[in-house]
There are 2 protein chains.
Amino acid sequence: MAHSERFNLRVREIGREVFELADAAQPSIFQAAWWFEQATRMLDRDDRLRTRAFQFVDCLPSLRDNAVLTRHLAEYLDDKRLDLPKIFRTAVGPGRLLTMREELIGRAARFGATQMAGRFITGYDAPSAIKTIERLRAKGMAFTMDVLGESTTSYSRADRYAEVYHHLIDELAARAASWERIPLIDEDSNGPMPRVNLSIKLTGLDPHFDAIDTDRAIREVSSRLQPLLHRARRAGAFVNIDMESYKHRDLTLELFKRLFLEDDFRDWCEIGIAVQAYLKDGERDLIGLLEWGKQRGTRFTIRLVKGAYWDAETAAAVRNYKDPPVWTRKYQSDACYERMTRIMFQHAHLIRPAFASHNVRSLAVVIATAEELGVSRNEYEVQTLFGMGDPLKTAMVRLGQCVRVYCPYGDLMPGMGYLIRRLLENTSNEGFLKQGFGDRTSHDRLLADPTIVKQPSSPLPARRYRNTDPEEPMATFKNASNTNFATGENRRKMIGAIDYVRGECGRTYPLIINDQTVSTKAWHDSINPSRPREVIGQVAQATTADVSQAIKAARRAFQQWRAVRAADRANLLRKAADRIEMRRFEMAATMILEVGKPWREADADVTEAVDHWRYYADQIQRIESHPRLRNIPGEDNMLAYSPKGVCAVISPFAFPLAILSGMTSAALAAGNTVVMKPARQASVLAAKLVEILGDVGIPPGVVNFVPGPGTTIGQHLVENGDVNLVAFTGSHEVGTGVIRAGAIVRPGQGFIKKMIVEMGGKNPIIVDDDADLDGAVQAVIESAFAFAGQKCSSCSRLIVLDGVYDVLLDRLRQATESVPIGPADAPATMLGPVIDERAQTRVRECIDLARTEGRILVEGKLPPEAQGGYFVPPVVVVDVKPEARIAQEEIFGPVLVVIRASDFDQAIEIANNSRYALTGGLFSRSPAHIDRARREFAVGNLYINRRITGSQVDAQPFGGFKLSGTGVKAGSPDYLLHFMDARCITENTLRSGFVPSEERTEVS
Amino acid sequence: MAHSERFNLRVREIGREVFELADAAQPSIFQAAWWFEQATRMLDRDDRLRTRAFQFVDCLPSLRDNAVLTRHLAEYLDDKRLDLPKIFRTAVGPGRLLTMREELIGRAARFGATQMAGRFITGYDAPSAIKTIERLRAKGMAFTMDVLGESTTSYSRADRYAEVYHHLIDELAARAASWERIPLIDEDSNGPMPRVNLSIKLTGLDPHFDAIDTDRAIREVSSRLQPLLHRARRAGAFVNIDMESYKHRDLTLELFKRLFLEDDFRDWCEIGIAVQAYLKDGERDLIGLLEWGKQRGTRFTIRLVKGAYWDAETAAAVRNYKDPPVWTRKYQSDACYERMTRIMFQHAHLIRPAFASHNVRSLAVVIATAEELGVSRNEYEVQTLFGMGDPLKTAMVRLGQCVRVYCPYGDLMPGMGYLIRRLLENTSNEGFLKQGFGDRTSHDRLLADPTIVKQPSSPLPARRYRNTDPEEPMATFKNASNTNFATGENRRKMIGAIDYVRGECGRTYPLIINDQTVSTKAWHDSINPSRPREVIGQVAQATTADVSQAIKAARRAFQQWRAVRAADRANLLRKAADRIEMRRFEMAATMILEVGKPWREADADVTEAVDHWRYYADQIQRIESHPRLRNIPGEDNMLAYSPKGVCAVISPFAFPLAILSGMTSAALAAGNTVVMKPARQASVLAAKLVEILGDVGIPPGVVNFVPGPGTTIGQHLVENGDVNLVAFTGSHEVGTGVIRAGAIVRPGQGFIKKMIVEMGGKNPIIVDDDADLDGAVQAVIESAFAFAGQKCSSCSRLIVLDGVYDVLLDRLRQATESVPIGPADAPATMLGPVIDERAQTRVRECIDLARTEGRILVEGKLPPEAQGGYFVPPVVVVDVKPEARIAQEEIFGPVLVVIRASDFDQAIEIANNSRYALTGGLFSRSPAHIDRARREFAVGNLYINRRITGSQVDAQPFGGFKLSGTGVKAGSPDYLLHFMDARCITENTLRSGFVPSEERTEVS
C-alpha cells in the first residue's frame, strides 16, 4: 500500500471518530444554536435574500432609531423578487412593514442582531469577555483574544486600539493568576504556556499601513506595538500577529521578522504569526518564516489558517485582469493546507504549530501527520473560531487535543467586517461547516483527499459585463494594471527612475513641427513644485507664428493620415501604449518631479494614459469594422464616420499624461492630426510623450508640439479658422472663453468648429446617517487631499447628515491630522505641493476666505520637508452655508468644505446646488437613498460607497455637464464619435428591378 | 374518381407528351443554346457571382471603350470572395486582367453580351426583326412585337417611343401582306386573325404615368396611344396593353377600360390586355375585365401571365412593412394561374384567351381545361418569350397549339431591364425553365398539382438588419407608410381634406403658454403661396416678454415632466403619433395650402413626423431600460442619461411637420420641456400639432407655443440664460449666428448651452459615365425640383462626367421641360410655388446671376395656373465653374447647376468643394467608384443610385457637417443622447469584504 493510501485510511479513521464525537455534541431544538442553523439554511436557499440580509446586518449597528431601522428593513427585504418563506413574507411582505409598529420591528431586529453578534463576539467589556473565557476553560478550551477593529483611519484611533490591548493584558493577566491549571491547554513539553493569548491586526495600528514606504509603516506600527509587546512579555502573555489582506502580507511578514530580531524580543518565544494556505504563496511564506526562525534561534508559534478574504481578493484580481493571489478552487486551498501541515510538523523543533480550521478532513490530517511524524499532542494545538462549529470543538477536546478558541472582543460596529466574514463562512457552499454539519453530506466524501476528489466548487468570478447592449468587439479591452508597490522590486525601480529623471534635469525641449525640432527665443523653466529650485527641463515657447506653422503642417499631414487604414492607425497607437508602459517608471517619475504628483497617483496617471491609447485603438477598429447597418432587400444603409481634420489639443497639468494622452489618442485614432499645447507646468512630460510618438512611427506632421503660454498661443489655436476641432481640458474660466471663441465661424472657415471642452467641478460627497463612517472618512480624505486636491474629480464639498455630523467630523479631523504630507518623491506622501506659487497664493487666499465664511475644523501641519515647496496644508472648513463662495467656487487645492444637511432631501439639494456637475459621491446603506441618488444626483460621475476619483477607462466613462463641460464622456465607446463626422451611406442595390442574390438568399 | 383527380391525370398525360416532344428538341452541344445553358448553370452555383455578373451585364451597354470595360470587368469579377471556376479564375483572376490586352477582353465581353442579347432580342431595326419573325413563322409560330423601353423620363422620349410603333406598324403590315397563310396561327373560328401583333407598355408613353392624377395620366397617354391605335386598326394589326408594376395596375386597367369604350374603338376586337396571376388580386382583375367585356359587347383578348416584377414588388413591400401584393410562394402563383385559366375558358365567348407561360404543368392545365370545357384549339393561344424554352415552343407547335412568341425589339440599352428579368428567370431556383429543362427534375413532380405539392420555394425576403451592433429593442420599430394615392379612396380623402382646411381659413391661432391661450397685439396672416390671396390662418405673434413667460412655464413644468417614467412619456408620444396619423390627410392638406408642398411630398412629411414621434418613444425606452452596464464582482457601473431642461425648438418651413416633430419629440422623449417657435410661414400647421399634443395629454407647460419673428423672439430664445438647449433647423446664416449666441455663458447661467443646429446644403449629384442615365435623370429631376427645390436635402449641383455630359444634358433638358408645374393642391404637381414673395425674388435674382455665371440650358414654362402664386420655373444652368457663386451658395429654389468633370477624381473633388456637407448622390455602376465615394464623398447623407431626398427615420439617420450643421444625426439611435446629460454611476457593492451573492453566482 502506498504511503498516501495508508495515510488517507488513517485520516478517515480519525475523521470518522471526530464526526461521531461531534454528532453527539450537536445542538438540540431547545438550544439557540439550532435556530441559528435553521436561519442560515433559509438564507442559503436564496442568493438575493442572503445578499440583502447581509447588507442589512452590515448597516444595522449604525441605525439610530426604530423608525430608521424599520425603513431599512423594508428597503432591504420588502422586494417582490425575494423568495421569502411564506411566514416571513406575511410579516415583512409588501406594504406589511408599514403597518407594523416600528417599535416592535426595531426591537425584534435588534434582538436578532444582538443574538447573532453574541454568537460570534465574546464580550463588550473585560468582565463579560472574562466570563466567556472562563466558560471555555471550563470546557477545557484555551483562548486567544482579538480586539475587533481593523484598517483604522487615524493615528488617534490607532492609539486607542493599542490602548484596549494594554487594558486587556492587565485585566486578563490579573484574572488568569486565579485560574485552575488545565494541563491540556496550559502546558506543553517545555512546561507551562501563557494562559493569556492575544491576536493583533497590524492595520489597526497605523492608518497608512502601506508597503510603499515599508520603513515608515514599520516605524509607525512599532511605535504602538513595541510598548504592547513589552507589557505582554512582562505579564507573561502570548502575542500573535494576524494575517490580513494580500496587499499587507509582505509588509506584515517584514515587520514581524524585523521586530522579533530586535534585542528586546529575539529571545522571546511567546509570539506567533499566521500563514494563509489559500495563498498560492502559502508554502513559500511558511518556508521563509521557518528559515527566519532558524536564524533567530528562538522557538515561536505559527498558526496555519486558510484565509478569510477570498471574496475581496478574487474581486480585486478579477477587476485588474490579474491572476488572483489565492487559489480559485476550494480543494486547492485544502490541499495546500495539508502540504503546509506536513512542513510545519517537519519543523516542529523550530516552532509550535497551531492549526486553525473547522474542516474535519484538515484536522484529521493534522492529527494523522503528527502521529506519523511522531509529534506528540501537547506539541501543537488546534484553533477554532468562537461561535462556530461547537460540536467540533467538543470532539477535539474529547480526542485530547489542545483547542484554542479565537475570541473577538469589543463593539459590534467596528467588528462588522469580522461578523460578515463569519456569516459568509456559515452560509457559503464552500464552507466546511455547512457541508460538514448543516448538510450531513456523506462523511466519506468530506474526508476524501482533496487532491483526488477535487470537490465541486465555484470557479473564479468572471469579469463579466452584464450588458444588454453587447459590443462584442470590446470584450477584449483590458485596463492596464497599476504598479504594485508592495514589492521591493517595484519600489526600487521607481526610486531608480526618479534618480534617472533628476539626472536629466536641465535638458532642453524644443518645439516639434512636422517632425522638425524648432528652437525659439523664449524658454520656460519647468520646475519641481516640491523643490522649486530644481529645474526639470527647459521648454521652448511657441509664438503664434510657430502655431500657424504647426497648424499648416497638421493640415498637410491630414490627407495622408486619414488615408491610413484604421487597423494600421490602431496598431501605431498600441505601439505607443506599449512604449509608455515600457517607460512607465520614467514617465511617472517625471510626473512626480515636474508636477508634484505622489507616487501612486503618478503611476495611476500612466496607467490611464496607457488605457487611452489602447482603448481608442480598439474603438476605432470597432467603429470601422462594425458599422451600423440597416440593410433591407434592395437597399443597403450604413452609418460610417470620417475624421474632421486638424485637432487642437490643450491639456491641463492635473492629469499631465492621462488627459493629454486621452485627447491626443482619440484625435489620432479618429484620423485627425494634432497640434498639441500641453499645460506649461507639465511640458517636459508632454515632450516625452511626443518623443515616444515619434519613436513608434507616427508620421511627420501628424502630431505637432507647441508648448507655450495659453493666453497667446492657446487663444490663437482656438480662434484659428483652420482648426477643425478643439479638445480642451482646463478651468471653467478659460473653458467658457474657449467655447465662446470657437463658436465664431471665421472668414473662410468652412465648418462649425467642434468643441470638446472639459472643465472644473465642485464635487460633493454626501454622507448619509447610516453610512459606513470609517469607509466614508477614508474615501473623503483620499478624494479631497490626494495630489493636494488638484484633480478635476477631487472632492471639495462634504455634505453630512445631521445624525452623524459630529461623529464623522471627529473622525475626519483625526484623519486629516494623519494625512502624510511631503515632497511628491517621498513614497508615503499623499499630499504633495500644489502646482506653483500662484496656486499656493490662491489656495491660501481661499483658506483665508474660509475663515470668514466658516470655521476651520482642522488645518494639517506642514512637515519640515515641505519647507521651500509650494505646499498648502489640508484644511477642513465646517459650518459653511451651501451658497458661500467657498462652497461654490472651485479651489483646486486641499480645502474641504463641510455642510450639514438636516435630511437626505436637503443633502441632495445641496449637492445639486452648484454650477458644476462633474463627480459626486454618496456613502449610504439605504437602498432607497442610493436609488434616489442614482436618479437625481446631478453629476457626470457618481460614485456610491467609494472614493470619487480614479475612474477607469471603459468601465467609468468620465466627464460632466452644467459648467463642468460639454458632456462628452472620455473613455467611453462614444468618445471617438465626437472627433468624427457621421455619414449615412445609402445604396440602392436594385438594378433593373433585380435584388442582389446575397440579399435574396439571406432571408430567414 | 373525383374531378380533380381525373383532371390531374389528364394534365399529367399531356405534360408527359410535352416533355417528350420538348426533350426531342433539346439543343445539342453544337448549338449556342447549349453553351448558354452551361453558363447559366455556372451563375446559378454562386449567388454572389450571379449578382456580379448581372450587374456587369446591366452596365455593359453603357461602357464606351475597352479600357473602361476591362476596368469594370475586373471590378465586378476580380474578387477573392467569388467562387469562380478555375478556368475562369485563370483568365480573370486577381491581377490577371490587368496584364491582358484590354482590346482582347473588350472584344470577348462584347461578343458574349451581344450573343446573350441576341438570344432575347429579336432585332435592332425593322429588317433584322422581320428576319427573325419570318424564321419563327417558318417554324409555325406567331409573334407579338414589343418595343424595348419603359418608364420614360420626358415627353419627347415618350413621343419617340410612340413613333417607333408607328414605324413598326407600317413596316410589318407592308411585309405581312406577303406572308403565306398558316392556318394554325393566322386564323381562328371567326376567320383570319391579324398577322401583325404589338405589345405596348404604357409607362413608355408618359413620363408621369401616375395614378395620383388619373385623368391627367389617361389624357397624356391617350394623346399618344390613340393615334397609334387608329393606325393599327387601319393596318389590321392587333394591339396588346402590357401589365407592369403593381403601382401602375389600377391606372392601366382604368385607361384600358375607358379608352376601348370610346366610340372609335368600342367595336374593335383586335385588342388585348395582360392580367397577372402572381397578384393576389389576379382573379378579381380578371373578373372585372370580363364584366367590362360583357358590357362593352365586343370580343377582346386577355393574356394570362404570371408576372415579371416579383423581386421589386416584394422588396418594396418589405421595405414598407406591407403585405406584398404578390403571392410570396411560387406554388401560390401557379395555383392562381390555374384558377384563372378555368375562369378564362368559362368566358371564352367573351374573350380570346392567351396563356403566356413556360411552365409545362401550367400549359398542360390550359390544354386539359380547354378539352374539359370544350374549347377548341384555335379558340385560344399559348404565348412564350423569344429566346427562352425553345424546345417547349416546338413541342406546343407539334401538339397543334397556336404559339405566339413575345418579341422584344430595339436597342439593348433601354432594354436592359427586360434582359435582366429574363436572365433572372433563367437562373432562378423558382423558374420552371431551369427546373424543367436545366435540372431535369422528375417530370411527375413538375407536373404535380401546385395546391397539393406546394413545391419548396424561397419565402418572402425579411426586413432584416444585417447589423453587427444589434440593438435588439429597436428591431420592433416600423416606419409608417405613405398614403397610396393609386387608390381612388385616398385621392378622395385628400381632396376632402383640402376642402376641409380651406373651410377653416380665417381661424385664429393664439400663443399657448402653460396650456393657456394668449392673444397678442400683432397677428400674422399665414397665406397660401400657390394663391397668395388665400389666408390659411391668423397667428398671434409673441413678444420677447411672452417668450420669457413661456420659458418660465417650461422651467416650472420641467421638474414634473422629467419625473414622468420614460415608458409613460413614450406612450404619450405614441399617442401623439397615432393622432397625427389619424388626422394625416388634414395635416397634409394644411401643409399643401400653407407652404405649397405638393401632395406626395406633404404626405411623406406627415409620415416622417409620425415616425419621429414613435421612434424617439422607442429610443427613450431603450436608453432607459437597457443602459450600458460594465459590472464586475464588487463594482456595478452603469451609464445613465438625464434630461437637460428647457429646450428651444426653432423649426423651418421646409419640413414644417417632420422637422418640427423630430426636434420636439426628441426633446420631450428625453424629458425636456419645450418652447416652440415654428417657421412663420408654417405656423398654422405648428398650431395644429400643439393642439394634438394637448389633446393626447402632454401636461401643461411641457410644450409652449410662441410663433413670432425670428429676429426678435428667435434671438431672445437663443440668448436666454434659462434655456438649456436649442434645437434649430434653418439657414446657414441664421444658424451660425445661433451657434455664436448660444456659446456665450450669460450671467447666472449654470451650464454650457447645448446647440443642435442643422443648416443648409449645396447638395451635389455625380453622374458617372457608366451610370444608368434614365435612372439618373429621373432622380435628379425629383431631387432638384420636387417642392421647388426647397428641401435642405434638395440637389442643386449636378456633376456630370465628360463621357455622358451631352447625352445626359439632352435628356435632362427634355425631362425638365416635362416637369409638372402648378398649384400644390393639384395632385399631379411636382413643382409648386416657392414659399413667399421674398423667396421668389431671391431665386429670380439667382437665376439672373446664373445667366452671367453660366448658360441657361432650359427654363421651364409656368402654366397659367401658376399666375399670381410665388412660382419660379425650374432652371438648369450649364457651363458653370465649380467656384462660381451660383455653384457655391445655397439657393433653396428650383435651380440646378451643372458642372462638367473630366474624370471621377475631379468629380469627387468638385463635389467636395463646398462649405456644405449635407446630402450628396452618385449614379455609377463602377464598384470601385462606388467604394471610393463611400469613403471620400464628404456629405452627411450619401445616396448611391437613387434620389438624394426622402431619408427614412432609423434607416437613414439624417444630418450633415461642415457648415451644414453640428453633426447630429436626426432619426438615429444617438439623436436623443444630444438632448441629455450622460451620467456614469459606479457603485461599490463590496461591503465588509462581501461580494453580493448575485454577482458571485453569475459567474460562468
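Residues numbered from 1 in each chain as written. Chains lettered and ligands numbered in written order. Predicted model: local features only at pLDDT ≥ 70, side-chain atom pairs only at ≥ 80, totals over all residues. Heavy atoms only, no water.

K.L.:
An account of the overall build of chain A is needed here, citing residue identities and associated values.
P.N.:
Along its length, chain A carries 37 helices and 32 strands. Relative to the 2.2 N^0.38 estimate, which gives 30 Å for 1004 residues, the radius of gyration of chain A is 32 Å and therefore close to what a compact globule would have. Dimensions of chain A, computed from the C-alpha atoms along their principal axes, are close to 100 × 80 × 65 Å. Buried positions account for 64% of the 1004 residues belonging to chain A. In chain A, the proportion of contacts linking residues at least 24 apart, taken out of those at least 6 apart, comes to 77%. Across chain A, the mean location of the 129 positive side-chain charges is 2 Å away from that of the 127 negative side-chain charges. (Helix = DSSP H or I, 4+ residues; strand = E, 2+ residues; numbered from the N terminus. Rg over C-alpha atoms; globule rule 2.2 N^0.38 Å. Buried < 20%, exposed > 50% of the residue type's maximum accessible area, 1.4 Å probe, protein only. Contact = heavy atoms within 4.5 Å. Lys, Arg positive; Asp, Glu negative; His and termini not counted. Charge placed at Lys NZ, Arg CZ, Asp CG, Glu CD.)

K.L.:
Give me the lowdown on the packing of aromatic side chains, citing residues and values where you can.
P.N.:
One pass over the structure, following the stated rule, counts 40 aromatic pairs over all chains. Here the aromatic rings of phenylalanine 653 of chain A and phenylalanine 787 of chain A are separated by 6.3 Å at their centres, their planes lie at 70°, and the arrangement is edge-to-face. Of the two residues, phenylalanine 653 of chain A is situated in the loop between β18 (646-650) and α27 (658-670) and phenylalanine 787 of chain A in the loop between α31 (773-785) and β24 (795-801); the sequence distance between them amounts to 134 residues. Phenylalanine 787 of chain A shares its class with phenylalanine 653 of chain A; the two are buried. Ring geometry for phenylalanine 256 of chain B and phenylalanine 300 of chain B: centres 6.0 Å apart, planes at 50°, overall tilted. Placement of phenylalanine 256 of chain B in helix α12 (residues 249-259) and of phenylalanine 300 of chain B in strand β7 (residues 300-305) is noted, with a sequence separation of 44 residues between them. Each member of the pair phenylalanine 256 of chain B and phenylalanine 300 of chain B is classed as buried. Among the aromatic residues, those joined into a cluster by ring pairs are Phe256, Phe260, Phe265, Trp268, Trp292 and Phe300 of chain A. The cationic tip of lysine 306 of chain A hangs over the ring face of tyrosine 337 of chain A; the distance from NZ or CZ to the ring centre is 4.9 Å. (Phe/Tyr/Trp six-rings, centres within 6.5 Å; stacked < 30°, edge-to-face > 60°. Lys NZ or Arg CZ within 6 Å of the ring centre and 35° of its normal.)

K.L.:
I'd like a rundown of empty space enclosed by the protein, residues and numbers included.
P.N.:
Residues and elements named next belong to chain B. Enumeration over the complete set of coordinates arrives at 12 cavities of 30 Å³ or more. Counted as a void, the second largest cavity has a volume near 320 Å³. Lining the second largest cavity are 24 residues, and of these Glu608, His612, Ile659, Phe958 and Ala970 sit closest to its centre. At the level of elements, α26 (599-625) and α27 (658-670) are the ones that each hand at least two residues to the lining of the second largest cavity. Taken together, the residues that form the lining of the second largest cavity break down as 12 nonpolar, 10 polar and 2 charged. (1 Å grid on protein atoms, 1.4 Å probe; cavity = no way out; pocket = protein on both sides within 12 Å on 5 of 7 lines; lining within 4 Å. Points joined across faces, edges and corners; volume = space filled by probe spheres on them. Nonpolar A, V, L, I, M, F, W, Y, C, P; charged D, E, K, R; others polar.)

K.L.:
Give a detailed account of the sheet that holds strand β11 (residues 508-509) of chain B, specifying residues and quantitative values.
P.N.:
All names here are of chain B. Sheet architecture is open: 3 strands sit in the order β11-β15-β14, paired in mixed fashion. Of all strands in the sheet, those bounded by a partner on one side alone are β11 and β14 (523-528). Sheet topology note: the β11/strand β15 (residues 531-540) ladder contains 2 bridges and is parallel. Considered in β15, the bridge of tyrosine 509 is made with valine 539. Sheet strands touched by helix α25 (residues 584-595): β14 and β15. Its angle to β14, the strand with the most contacts, is close to 100°. With respect to the sheet, helix α28 (residues 683-696) is in contact with β11, β14 and β15, its orientation differing from that of β15 by roughly 40°. (Pairing = 2+ DSSP bridges. Axes fitted to C-alpha atoms, helices over the stretch in contact; angles between N-to-C directions.)

K.L.:
Would you mind going over helix α35 (residues 904-912) of chain A in detail, with residue names and values included?
P.N.:
Owing to its 3.6 residues per turn, the α-helix aligns residues three or four sequence positions apart on the same side. Residues and elements named next belong to chain A. Those residues of α35 lying buried are Phe904, Ala907, Ile908, Ile910 and Ala911. Axial view of α35: buried residues confined to an arc of 160°, hence all on one face. Those residues of α35 that are buried are in contact with β23 (763-767), β24, β27 (895-901), β29 (919-923) and α36 (927-936). Among the residues of α35, the N-terminal cap falls to aspartate 903, whose side-chain oxygen and the backbone nitrogen of aspartate 905 are separated by 3.4 Å. (Arc of directions from axis to C-beta. Polar contact = N/O pair within 3.5 Å; in protein donor to acceptor, adjacent residues only side chain to side chain.)

K.L.:
An account of the nonpolar core is needed here, citing residue identities and associated values.
P.N.:
Ile766, Leu798 and Phe979 of chain A are the most contacted members of the largest nonpolar core, which has 164 residues in total. Among the elements that line this core, the one with the most residues is helix α26 (residues 599-625) of chain A, at 11 residues. Those residues in contact with phenylalanine 979 of chain A that lie beyond four places of it in its chain are Pro643, Lys644, Cys647, Met663, Ala666, Ala667, Ala670, Asn672, Leu725, Ala727 and Ile756 of chain A. Counting residues in each nonpolar core, the second largest holds 163 residues, with Leu572, Ala576, Ile766 and Ile886 of chain B among its members. (Core = buried A, V, L, I, M, F, W, Y, C linked by side-chain atoms within 4.5 Å.)

K.L.:
Provide a residue-level description of the confidence of the model for chain A, including the pertinent values.
P.N.:
Residues and elements named next belong to chain A. On average, residues of chain A carry a pLDDT of 90, and 90% of them reach 70 or more. Segment residues 466-474: pLDDT under 50, and 24 contacts once partners within four positions in sequence are set aside and those in other chains are kept. Ignoring residues within four places in sequence, the model shows residues 1000-1004, a span with pLDDT below 50, making 15 contacts including any to other chains. We note a pTM of 0.92 for the whole complex and an ipTM of 0.92 for its interfaces. (pLDDT = per-residue confidence, 0-100.)

K.L.:
Talk me through the side chain of histidine 358 of chain B; I want residue IDs and the actual numbers.
P.N.:
Looking at where histidine 358 of chain B falls in the secondary structure, it is placed in the loop between β8 (351-356) and α16 (360-373). A polar contact of 3.5 Å, which involves the side chain of histidine 358 of chain B, links it to the backbone oxygen of methionine 388 of chain B.

K.L.:
Explain the state of the cysteines to me, using residue names and the numbers behind them.
P.N.:
One pass over the structure, following the stated rule, counts 0 disulfides over all chains. Among the cysteines around cysteine 269 of chain A, which has no disulfide bond, cysteine 402 of chain A carries the closest sulfur, lying 15 Å off. Cysteine cysteine 407 of chain B is unpaired, with the sulfur of cysteine 402 of chain B as its nearest cysteine sulfur at 13 Å. (Disulfide = S-S within 2.5 Å.)

K.L.:
Any details on the sheet that holds strand β6 (residues 271-276) of chain A? Residues and values, ideally.
P.N.:
All names here are of chain A. On the basis of which strands lie adjacent, the closed barrel formed by 8 strands has the order β1-β4-β5-β6-β7-β8-β9-β10 and parallel pairing. Each strand of the sheet is rotated relative to its neighbour by a mean of 30°, with strand direction disregarded. In this sheet, strand β4 (residues 197-200) lies alongside strand β1 (residues 142-147) in parallel orientation, the contact comprising 2 bridges. Paired with aspartate 146 across the bridge in β4 is serine 199. Along the sheet, helix α9 (residues 155-176) contacts β1, β4 and β10 (403-409); its crossing angle with β1, the most-contacted strand, is approximately 155°.

K.L.:
Can you break down the pairing of strand β7 (residues 300-305) of chain A residue by residue, with the values?
P.N.:
Residues and elements named next belong to chain A. Along β7, 6 of the 6 residues are buried, which leaves the element largely enclosed by surrounding structure. Here β7 shows two buried faces, one formed by Phe300, Ile302 and Leu304 and the other by Thr301, Arg303 and Val305. As defined by bridge partners, β6 adjoins β7 across 5 bridges and the pair is classed as parallel. Within the sheet, the bridge partner assigned to glutamine 276 lies in β7 and is valine 305. Taking the sense of rotation as the criterion, the β-α-β connection linking β6, helix α13 (residues 282-296) and β7 turns out right-handed. Of the strand pairs in this sheet, β7 and strand β8 (residues 351-356) are connected by 5 bridges, and their pairing is parallel. Bridge assignment links phenylalanine 300 to a residue of β8, and that residue is isoleucine 351. (Right-handed = clockwise from strand over helix to strand, strands pointing away.)

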